[in-house]
Amino acid sequence: MNAAERRLLHQAHPVKIAADLAADVAGTILFWRRRPGAGLAASLLLPVADSAALMRTDRGWIRDSPVGPAMLAEMTERRQTIRLIGWILHVVGAWRHSPALIVSGWGCIVAGWAPVLLAVRRAPGIRPRATTAHQ
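Because the structure is predicted, anything quoted here is derived from the model rather than measured.

Caption draft 1: Fine view of the side chain of His 13. Looking at the element boundaries, His 13 is found in the loop between α1 (3–9) and α2 (14–32). Overall, the relative accessible area of 12% leaves His 13 in the buried class. With residues near it in sequence (within four places) discarded, His 13 still touches Leu 54, Trp 61 and Ile 62.

Pasting the structure below:
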């Protein structure tokens, strides 16, 4: 696995996704409250620290899961840019107290991730769990 693949795959690590979501919510609240320094710190410090820690871990299990090929094929620079634009939009929305901009920003972030999620869903061998009735 080369450095570019490692950088891309770490974004799909569950800890990274959880940290990004928590930082996003905290940052949004702080920008809404007109605390830009704290908002930037909350939005950026945890994800950057988390990325730094995860870059030193083995991501082979992500590469070998259905998520790995989907990330490598679908998470292009354009889609990462769409996610960044979404982050900027929702931060501006929080600053301006505009729920519509916040939702639009989050929509861009979801749109950036959607092709990966759809590719995972289409991956061979992945089927929805069957529910079994207990008798």
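Caption draft 2: Region of interest: the environment of Arg 96. Secondary-structure assignment places Arg 96 in the loop between α6 (77–95) and α7 (99–122). Look at Arg 96 and you get exposed, because its relative accessible area is 61%.

Caption draft 3: Inspection of α6 at higher detail. Over its 19 residues, α6 runs 27 Å from end to end, which matches the ideal 27 Å to within 8%, given 1.5 Å per residue. Looking only at α6, the buried set comprises Arg 83, Gly 86, His 90, Val 91, Gly 93 and Ala 94. All buried residues of α6 fall inside an arc of 160 degrees around its axis, so they share one side. More than 90 degrees from the buried face of α6, the exposed residues found are Glu 77 and Arg 78. Considering only its buried residues, α6 is in contact with α2 and α7. Two residues or fewer past α6, His 97 is found with a positive phi of approximately 55 degrees.

Caption draft 4: Spatial organisation of the pattern of salt bridges. Tallied over the entire structure, the rule returns three salt bridges. Here Lys 16 makes a salt bridge to Asp 20, at a shortest N to O gap of 3.1 Å. With Lys 16 and Asp 20 both in helix α2 and four residues apart, the pair spans about one turn of that helix. On the accessibility criterion, Asp 20 (27% relative accessible area) is partly exposed. Two residues, Arg 63 and Asp 64, come together in a salt bridge whose shortest N-O distance is 3.0 Å.

Caption draft 5: Fine view of the packing of α2 against α7. Between α2 and α7, the least distance of the axes is 13 Å, while the angle of their chain directions is 155 degrees. Taken together, α2 and α7 sit at an angle that is classed as roughly antiparallel. Regarding α2 and α7, the two cross each other, and that crossing is right-handed. Of the residues in α7, those in contact with Asp 24, Thr 28 and Trp 32 of α2 are Pro 99, Ile 102 and Trp 106. A class-by-class count of the residues in the contact of α2 with α7 yields four nonpolar, one polar and one charged.

Caption draft 6: A look at unusual backbone geometry. Residues other than glycine seldom take positive phi values, yet Arg 34 does so here, at roughly 65 degrees. Residue position: Arg 34 is located in the loop between α2 and α3 (36–54). In the Ramachandran plot, His 97 falls in the positive-phi region, its phi being about 55 degrees despite a non-glycine side chain. On the secondary structure map, His 97 appears in the loop between α6 and α7.

Cut-offs and rules
Throughout, residues of each chain are indexed from 1 in the direction in which the sequence is written. Note on the predicted model: pLDDT of at least 70 is required for a residue's local features to be given, and 80 or more for side-chain atom pairs to be given and counted; whole-chain, interface and lining totals, by contrast, use all residues. Note that the side-chain values use all heavy atoms of the structure and ignore hydrogens as well as water. Secondary structure elements are defined from DSSP: runs of H or I of at least 4 residues count as helices, runs of E of at least 2 residues count as strands, and each element is numbered from the N terminus. Three exposure classes are used, based on accessible area relative to the maximum for each residue type with a 1.4 Å probe and protein chains only: buried under 20%, partly exposed in between, and exposed over 50%. Should any heavy atoms of two residues lie within 4.5 Å, those residues are considered in contact. In a helix, the anticipated span is given by 1.5 Å times the number of residues less one. Summarising the geometry, the arc corresponds to the directions from the helix axis toward the C-beta atoms. A carboxyl oxygen of Asp or Glu within 4 Å of a side-chain nitrogen of Lys or Arg is what we treat as a salt bridge. The axes are straight lines fitted to the C-alpha atoms, using for helices just the contacting stretch, and the angles between their N-to-C directions are given from 0 to 180°. The cut-offs work like this: below 35 degrees is roughly parallel, past 145 is roughly antiparallel, 65 to 115 is roughly perpendicular, and the gaps in between are oblique. Left-handed describes a crossing whose near helix is turned anticlockwise from the far helix through less than a right angle; right-handed describes the clockwise counterpart. Under this grouping Gly is polar, as are all residues other than the nonpolar Ala, Val, Leu, Ile, Met, Phe, Trp, Tyr, Cys and Pro and the charged Asp, Glu, Lys and Arg.

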